[in-house]
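A structural walkthrough
Below, each chain spelled out in residue letters.
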Amino acid sequence: VCREKVCTEWVDLVHNEIPTAFWKNLDEKECKLKDEQRWRSVREFADNCVKRKAFEDSYRKQHGLGTGVPVDVPKGGVPVDILQRTLVKK
């Protein structure tokens, strides 16, 4: 439910509305952004939303479920390599 209400807008904000150059600052050794850890957390949350959606879509496809069917995350969380797995299958 959280993903449905928050993630779509959050991912759009992080990946489309905030310029790429801003995020490149985080990857520099001498990052000059104020509240660097906060911005890393913002980006990580968006990345986790993308991974969660990829997992849900893959699970639904594998099990013949419709797009509106809720999917529970397995114990241990979404597999860390979910994006690589889903890219290989496409």
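Here is a short report on the structure shown in this document. (Residues numbered from 1 in each chain as written. Predicted model: local features only at pLDDT ≥ 70, side-chain atom pairs only at ≥ 80, totals over all residues. Heavy atoms only, no water.)

With that out of the way, let us pick up the packing of aromatic side chains. The tally for this structure, following the rule as stated, stands at five aromatic pairs. Geometrically, the ring pair formed by Phe22 and Trp39 is edge-to-face, given 4.9 Å between the ring centres and 75° between the ring planes. You can see Phe22 sitting in helix α2 (residues 20–27) and its partner Trp39 sitting in helix α3 (residues 36–63), a full 17 residues away along the chain. Residue classification places Trp39 among the partly exposed residues on the basis of a relative accessible area of 28%. Taking the centre distance of 6.1 Å and the plane angle of 70° together, the rings of Trp23 and Trp39 count as edge-to-face. Placement of Trp23 in helix α2 and of Trp39 in helix α3 is noted, with a sequence separation of 16 residues between them. (Phe/Tyr/Trp six-rings, centres within 6.5 Å; stacked < 30°, edge-to-face > 60°. Helix = DSSP H or I, 4+ residues; strand = E, 2+ residues; numbered from the N terminus. Buried < 20%, exposed > 50% of the residue type's maximum accessible area, 1.4 Å probe, protein only.)

Here the focus is unusual backbone geometry. Phi is mostly negative for residues that are not glycine, and the peptide bonds are mostly trans. Phi angles above zero are rare outside glycine, and Asp35 is one such case at about 60°. Position of Asp35 relative to the elements: it lies in the loop between α2 and α3. Note on Asp35: relative accessible area 38%, which makes it partly exposed.

With that settled, the discussion passes to the nonpolar core. Core analysis: the biggest nonpolar cluster contains eleven residues, these being Cys7, Val11, Val14, Ile18, Trp23, Leu26, Cys31, Leu33, Val42, Ala46 and Cys49. Sorting the residues of this core by element identifies α1 (2–17), α2 and α3 as the ones contributing at least two each. Ignoring any residue separated from it by four or fewer positions in sequence, one finds Leu26 in contact with Cys31, Leu33, Glu36, Trp39, Arg40 and Arg43. (Core = buried A, V, L, I, M, F, W, Y, C linked by side-chain atoms within 4.5 Å. Contact = heavy atoms within 4.5 Å.)

No statement about biological role is implied by the geometric values presented.
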